[in-house]
2 protein chains.
Amino acid sequence: MRTLYHHPLSPFARKVRVALAEKRLEFGLELEKPWERRDEFLVLNHAGEVPVLVEDDGATVAGHGPICEYLEDAYPGGSLLGTDVLHRAEVRRLVSWFDEKFSREVTDLLVGEKLFKRLSGQGTPHAAAIRAGHANIHYHLDYVGWLTERRTWLAGDDFSLADVACAAQLSAIDYLGDVPWDEHTDAKDYYARVKSRPSFRPLLADHLPGAPPPKHYADLDF
Amino acid sequence: MRTLYHHPLSPFARKVRVALAEKRLEFGLELEKPWERRDEFLVLNHAGEVPVLVEDDGATVAGHGPICEYLEDAYPGGSLLGTDVLHRAEVRRLVSWFDEKFSREVTDLLVGEKLFKRLSGQGTPHAAAIRAGHANIHYHLDYVGWLTERRTWLAGDDFSLADVACAAQLSAIDYLGDVPWDEHTDAKDYYARVKSRPSFRPLLADHLPGAPPPKHYADLDF
């Protein structure tokens, strides 16, 4: 069985879980706590980060970016990038936006400070960082709203890896109840559409021992 | 003429300059100071970051990751990823290593603190960050040495985007004279091989007003 080493609250592992499901590729999940730096895991990924994908034959692909591109290369059906080269570039621009900019300016400061710092025993959350994360998220939700006023999905007419990357970040923050949905109805409507896709359902069933999600987290009509 | 908006000391713009040259695609350079947040530039890239590529017909691709993948899609000759899907995954794993991990753990802390902070008027360099950058670089140079003991180039037999990404980061730090080459002879020999490629020469001619590079920077026999 194809195996994905992941952590439930890693937005990047979430991205790959949704991408695999959108491409209808079956896989099993293996929980990894990257901060434990297990020797066996470091052999799979020298960077020590989730996600890592191991195929049936043992072939290993490390990192969310390489895994998503690998899935397109190895299983081109149901492409999440599309075929037109400039459209693919636009999808990838938005993927980078969420993987890098959103992640750095929002997710790291909320999920990173509030959850992973505690789980990994790296000290107490930094209040100023959390405040910055709460402030920064508005700008990004406005951008999501701006895009979805003009396009069906973030990158155009079709659901793409840009939507997967965006919803993966949002879902990790929503697990903490930290997305101010009521102030951003366009982004909320958009996220409700992503949430209702079958590929997204398993993420909504995630439940971290000792840190349950808020009630609306799994609700499709939140 | 194809145009690349860049900053000379941006490792990511350097990566794209080398990738374009390796693919023998002609281009002109347009200097952009991203911290000025020019309105015309924000239209090209809402994230406000270099590099941005504008094709002859006005088609625009923003971001070093999307640009490098676009170049492979649009100009597949002289591929910097190769053809085998698992090899492509290994190239991309190493590209992520240097674009994300090396950049965050080393380049941001040295070039970011010492140069871009001053250029953009964002305050004084943070001494502890610079110390961390100097400490972290050894681990990465060891990894480069370890890889090149086992492979001709970082990802295998052929020069690839992994080498471009690695050398782009190293070259930006070397411009400040902050790579401890004498303690890492394997990495030094490797970098000398990259430096001697025609695609790399224009980077060695870079000269920032008021911040000249050390003498060895452009020397192929440093």
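Residues numbered from 1 in each chain as written. Chains lettered and ligands numbered in written order. Predicted model: local features only at pLDDT ≥ 70, side-chain atom pairs only at ≥ 80, totals over all residues. Heavy atoms only, no water.

Looking at an unreviewed UniProt entry, one finds chain A named Glutathione S-transferase family protein and attributed to Aerophototrophica crusticola.

Now for the UniProt feature "domain: GST N-terminal" (unreviewed entry) in chain A. UniProt annotation of "domain: GST N-terminal" (unreviewed entry) refers to residues 1–79 of chain A when read in the numbering used here. Taken as a whole, residues 1–79 of chain A contains 37% helix and 18% strand, while its terminal C-alpha atoms sit 22 Å from one another. (UniProt positions renumbered as here; feature names shortened; annotations may be inferred. Helix = DSSP H or I, 4+ residues; strand = E, 2+ residues; numbered from the N terminus.)

Quick look at the nonpolar core now. Residues and elements named next belong to chain B. Leu-154 and Leu-161 are the most contacted members of the largest nonpolar core, which totals 61 residues. Looking at this core, the elements that each hand over two or more residues are α1 (11–22), α3 (64–74), α4 (85–119), α5 (127–150), α6 (161–175), α7 (185–195) and α8 (201–204). Ranked by residue count, the leading element in this core is α4, at 11 residues. Residues lining this core come from more than one domain, with at least three contributed by each of domain 1 (3–74) and domain 2 (85–198). Contacts of Leu-161, omitting those with residues within four sequence positions, involve Lys-15, Ala-19, Cys-68, Leu-80, Leu-81, Val-91 and Val-95. (Core = buried A, V, L, I, M, F, W, Y, C linked by side-chain atoms within 4.5 Å. Buried < 20%, exposed > 50% of the residue type's maximum accessible area, 1.4 Å probe, protein only. Domains from an automatic or database assignment. Contact = heavy atoms within 4.5 Å.)

All right, on to the interface of chain B and chain A then. Quite often, the size of an interface is put as the accessible area lost when its parts meet. Residue-level contacts link 25 residues of chain B with 25 residues of chain A. Summing both partners gives a buried area of about 2,100 Å² for chain B against chain A, and 62% of it is carried by carbon and sulfur. Considering only the side of chain B, the residues that lose the most area to chain A are His-46, Pro-66 and Asp-73 of chain B, jointly responsible for 23% of the buried surface there. Inspection of the chain B/chain A interface yields 8 salt bridges. (Buried area = accessible area lost by both parts, 1.4 Å probe. Salt bridge = Lys/Arg side-chain N within 4 Å of Asp/Glu carboxyl O.)

Okay, the packing of α1 of chain B against α4 of chain B next. Residues and elements named next belong to chain B. Relative to each other, α1 and α4 sit at 150 degrees, their axes nearing to 11 Å. In terms of orientation, α1 lies roughly antiparallel with respect to α4. Between α1 and α4 the crossing geometry is right-handed. The residues of α4 that touch α1, namely those facing Pro-11, Phe-12 and Lys-15, are Val-95, Asp-99, Ser-103 and Thr-107. Of the residues assigned to the contact of α1 with α4, the class counts are 3 nonpolar, 2 polar and 2 charged. (Axes fitted to C-alpha atoms, helices over the stretch in contact; angles between N-to-C directions. Parallel < 35°, antiparallel > 145°, perpendicular 65-115°, else oblique. Left-handed = near helix turned anticlockwise from the far one by under 90°. Nonpolar A, V, L, I, M, F, W, Y, C, P; charged D, E, K, R; others polar.)

Another point: the packing of aromatic side chains. The description of an aromatic ring pair uses the distance of the two centres, along with the angle that the planes make with each other. Within this structure, the stated rule accounts for 28 aromatic pairs over all chains. The rings of Trp-97, Tyr-139, Tyr-143 and Trp-146 of chain A are connected pair by pair, giving a single aromatic cluster. Across the ring face of Trp-153 of chain A, the terminal group of Arg-197 of chain A is positioned such that the distance to the ring centre comes to 5.4 Å. One cation-aromatic arrangement involves Arg-193 of chain B over Trp-153 of chain B; the distance from NZ or CZ to the ring centre is 4.4 Å. (Phe/Tyr/Trp six-rings, centres within 6.5 Å; stacked < 30°, edge-to-face > 60°. Lys NZ or Arg CZ within 6 Å of the ring centre and 35° of its normal.)

Residue and element names in this part refer to chain B. Taken in spatial order, the 4 strands line up as β2-β1-β3-β4 in an open sheet, and their pairing is mixed. Across the chains shown, the open sheet's two edge strands, defined by having one partner strand only, are β2 (28–31) and β4 (60–62). For this sheet, the mean inter-axis angle between neighbouring strands, taken without regard to orientation, is 20 degrees. Direction of pairing for strand β3 (residues 52–54) relative to β4: antiparallel, over a ladder of 3 bridges. Looking at β4, one finds that Val-54 is bridged to Thr-60. (Pairing = 2+ DSSP bridges.)

For the coordinates displayed, the defined rule picks out 40 salt bridges over all chains. As a salt-bridge pair, Arg-38 of chain A and Glu-40 of chain A come within 3.7 Å of each other at their nearest N and O atoms. Across the salt bridge formed by Arg-92 of chain A and Glu-69 of chain B, the nearest N and O atoms sit 3.7 Å from each other. Taken as a pair, Arg-92 of chain A in helix α4 (residues 85–119) and Glu-69 of chain B in helix α3 lie in two separate chains rather than in one. Classification of Arg-92 of chain A as buried rests on a relative accessible area of 6%. In the salt-bridge network here, residues are joined through shared partners; they are Glu-69, Asp-73, Arg-88 and Arg-92 of chain A together with Glu-69, Asp-73, Arg-88 and Arg-92 of chain B.

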